[in-house]
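In case you want the letters, here they are:
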Amino acid sequence: MIIFQSLTKTELADLLLPVSVVKYERDLMLEEGGPEKVLLKKQKQALLRARQIFHWVYQRYVTDFDLMSDLSKDLRTFLKANIQIYRLTETYAKQSEDGTFKFLWKLEDQKTIESVIIPAALKEKVGDEVIDALEDGKRYSGIETEKAGLNKDLDTDSWARLTACVSSQVGCAMACSFCLTGVQGLDRSLGVHEVVTQIHELRMRAPITNIVFMGMGEPLHNVKNIAKACQILLDEDGMNFSKRKVTVSTSGLVPGIEELYQVTDVSLAISLNSSTDEQRSQIMPVNRRWPIKELLAACRKVPLGGHRRITFEYVLLKDFNDKPEDAHRVAKLLKGIPSKVNLIPFNEHSGSEFKRPTDKTVLDFQKILINQGYTATVRISRGRDILAACGQLRSLFGTARGTEKHKDFTQSSTTA
Ligand code: SF4
């Protein structure tokens, strides 16, 4: 059986070609160039059917071919015999006090991954006017949910923006010392269908507006699958996300950046976290192989266009990388790169000894960057009470740190 969510629309159309029927095929074959004309008509028809099926699954949330009423009976029989629509099993869903929802999904091999929905409202309706809300995360009741019958417990109607933070691997090989996922080591990478279905399942529960690959795993360590999944996410007949609303975040796998942009042009975030190689190598082993200079050179080559910027994430660790001189060095490093900086005060957890800096330290750091002409925001941590905040995701059945796979990674190539 072929899994539907592993297919791009063009691949699905190719599969449907043998069951495409063309009217007056015999007459056409007798004309000049007949076989080519027939093939062309069949390809067009197969693409049309693929579009219809994409609509049913990704836009109408139908997972039973028998309910796809505008497809012929023969086609539905073919689909049922050859293609499976994959589902993930929701093991639990837990809501934080601030509205953040964390999900644990069970995969076919019983391994588990987590994803998080982070609600935020940037606009608030006052009378007939829509104005900027005073604080991120403020509740707003003006948004309409297009999809009926969703999980009402999510209270999704209250938020203007819902960002899905999704996983790309079971565990992670990168061993960043401040990250709970890094503590467990890599188990395996997710398949295209697992990545796409994870997002599809979230969309079945809430009207997701943005996607960030910042959950468990290093997306560019699984770049082939993530790039293909992004193609499906951006397909106008599929989930139809804008490339600006899908962000792949990397710890700095330089070859993966180029590979990603050969296939898709989603947005990019770099987990920078340091202003010198010495410092960065201490907390992110990937830096020993691809130091800051190489990473930023790769960033300069990213074909963003259209006033888009690369987001540089910077986890602020108390007394480690939070000094004014760090901020000045970051400003110097990013010179000439269309960028914005997202400062993330560290979320303390049992897997790391790092501490969270004071609010004053964070604001001073931010001020230095702003004074140097950068857009610098401080991420409001959401879901800390349920371990859903940045760097706090971990599969319940994960492996322990220091596995062979873990050691292998820093000495081997990027693709899983
Ligand atoms: S921060 Fe990202 S890349 Fe680093 S260990 Fe955690 S999940 Fe992996």
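Residues numbered from 1 in each chain as written. Predicted model: local features only at pLDDT ≥ 70, side-chain atom pairs only at ≥ 80, totals over all residues.

Asks: So what about the overall build of the protein? Which residues, and what values?
Replies: Helices and strands together make up the secondary structure of the protein, namely 14 helices and 16 strands. Split into buried and exposed, the 416 residues of the protein put 43% on the buried side. (Helix = DSSP H or I, 4+ residues; strand = E, 2+ residues; numbered from the N terminus. Buried ≥ 20, exposed ≤ 12 C-beta atoms within 10 Å, placed from the backbone.)

Asks: Could you give an account of the sheet that holds strand S12 (residues 246–250), naming the residues involved and the relevant values?
Replies: A sheet is described by the order of its strands in space; here ten strands give the open sequence S3-S4-S5-S8-S11-S12-S13-S14-S15-S16, paired in mixed fashion. Of all strands in the sheet, those bounded by a partner on one side alone are strand S3 (89–95) and strand S16 (375–378). Ignoring strand direction, the axes of neighbouring strands in this sheet form an average angle of 20 degrees. By the bridge criterion, six bridges tie S3 to strand S4 (residues 101–106) in an arrangement that is antiparallel. (Pairing = 2+ DSSP bridges. Axes fitted to C-alpha atoms, helices over the stretch in contact; angles between N-to-C directions.)

Asks: Got a sec to walk through the packing of helix H1 (residues 9–16) against helix H3 (residues 34–59)? Specific residues and values, please.
Replies: Running from N to C, H1 and H3 point in directions that differ by 125 degrees, and their axes come no closer than 8 Å. On the basis of the axis angle, H1 is oblique to H3. Note that H1 runs across H3; the crossing there is right-handed. Between H1 and H3, the contacting residues are Lys9, Leu12, Ala13 and Leu16 on the first element and Ala46, Leu47, Arg49, Ala50, Arg51, Ile53 and Phe54 on the second. Residues belonging to the contact of H1 with H3 are distributed by class as follows: eight nonpolar, no polar and three charged. (Parallel < 35°, antiparallel > 145°, perpendicular 65-115°, else oblique. Left-handed = near helix turned anticlockwise from the far one by under 90°. Contact = placed C-beta atoms within 7 Å. Nonpolar A, V, L, I, M, F, W, Y, C, P; charged D, E, K, R; others polar.)

Asks: An account of the packing of helix H7 (residues 223–234) against helix H8 (residues 254–263) is needed here, citing residue identities and associated values.
Replies: Between H7 and H8, the least distance of the axes is 9 Å, while the angle of their chain directions is 30 degrees. Considering the angle they form, H7 stands roughly parallel to H8. As H7 packs across H8, the resulting crossing turns out to be right-handed. In this structure, H7 contributes Val223, Ala227, Lys228 and Gln231 to the contact, and H8 contributes Gly256, Glu259, Leu260 and Val263. Taken together, the residues of the contact of H7 with H8 sort by class into four nonpolar, two polar and two charged.

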